Amino acid sequence: MNDLERIERFIAKHHLLTLATCKNNRPYCCSSFYAYDTNTKSFIIAGDKKTTHMQNALNNPHVAANIHLETTQVGKIEGLQIEGVLHICEDEALKKLYFKTFPYAKAMRPILWQLTPSRFKLTDNRLGFGKKIILNADSIQNRAVSDQNRTP
């Protein structure tokens, strides 16, 4: 299993991330349900443009996010830190993915946003205390292009 596959396996086990935004040197965070697309290597979340975090993202699309396993057992700690760019989702296939994952959300008619990662940092103590796997934009996006060009 390569590093990106390990990270995507972790992402697939969860459904909630903490999104962090910033405006005028004032940080803000929120929790969001997500759907993850393995082809584009991006997260889809829902959010109203009027919320603080989305207003911040419209002003500064560079965001961070975190997904983690809640445990008190040090040897089982796992967590993913994400850096990326957040913008309104225009891709119909990604919208369908979100509503397939969270069908009840469709009734709320939310605005969907796409978080395109530029960096992943996975901490996985199951692999050894403090073990970190770091992937930068080139590694993530090269894999996305490779996956999209694969013949089914």
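Let me sum up the structure you'll find in this document.

Criteria and cut-off values
- Residues numbered from 1 in each chain as written.
- Predicted model: local features only at pLDDT ≥ 70, side-chain atom pairs only at ≥ 80, totals over all residues.
- Heavy atoms only, no water.
- Helix = DSSP H or I, 4+ residues; strand = E, 2+ residues; numbered from the N terminus.
- Rg over C-alpha atoms; globule rule 2.2 N^0.38 Å.
- Buried < 20%, exposed > 50% of the residue type's maximum accessible area, 1.4 Å probe, protein only.
- Contact = heavy atoms within 4.5 Å.
- Areas by Shrake-Rupley, 256 points an atom, 1.4 Å probe, with all protein chains shown as cover.
- Lys, Arg positive; Asp, Glu negative; His and termini not counted.
- Charge placed at Lys NZ, Arg CZ, Asp CG, Glu CD.
- Phe/Tyr/Trp six-rings, centres within 6.5 Å; stacked < 30°, edge-to-face > 60°.
- Core = buried A, V, L, I, M, F, W, Y, C linked by side-chain atoms within 4.5 Å.

Digging into the overall build of the protein
- From N to C terminus, the protein includes 4 helices and 8 strands.
- Along the protein, from the amino end to the carboxyl end, the secondary structure elements read α-β-β-β-β-α-β-β-α-β-β-α.
- By the compact-globule yardstick of 15 Å for 152 residues, the protein fits well, its C-alpha radius of gyration being 16 Å.
- Its C-alpha atoms put the protein at 45 × 45 × 30 Å along the principal axes.
- Looking at the protein residue by residue over its 152 residues, the buried ones come to 37%.
- In the protein, the share of contacts with a sequence separation of at least 24, taken over all contacts with a separation of at least 6, comes to 64%.
- Counting every atom, the protein has about 9,000 Å² of accessible surface; 51% of that belongs to carbon and sulfur.
- Computing the positive centroid from 21 side-chain charges and the negative centroid from 14, the protein places the two 4 Å apart.

Description of the packing of aromatic side chains
- This model, assessed by the stated rule, comprises 7 aromatic pairs.
- Taken together, a centroid distance of 5.4 Å and an interplanar angle of 50 degrees make the contact between Phe33 and Phe102 tilted. A residue pair is termed long-range when its members are at least 10 positions apart, and Phe33 in strand S2 (residues 26-33) and Phe102 in the loop between helix H3 (92-101) and strand S7 (112-124) qualify at 69 residues.
- For Phe33, a relative accessible area of 37% puts it in the partly exposed group.
- Their ring planes at 50 degrees and their centres at 5.1 Å tell us that Tyr98 and Phe102 sit as a pair that is tilted.
- Looking at Phe102, the relative accessible area reads 6%, which means it is buried.
- Pairwise contacts between aromatic rings join Phe33, Tyr98, Phe99, Phe102 and Tyr104 into one cluster.

Section: the nonpolar core
- Counting residues in hydrophobic clusters, the biggest one holds 26 residues, and the most contacted among them are Ile11, Phe43, Ile67, Leu80, Leu86 and Phe120.
- For this core, the elements supplying multiple residues, two or more each, are helix H1 (3-12), strand S1 (16-23), strand S4 (42-46), helix H2 (52-59), strand S5 (62-68), strand S6 (78-88), S7 and strand S8 (132-136).

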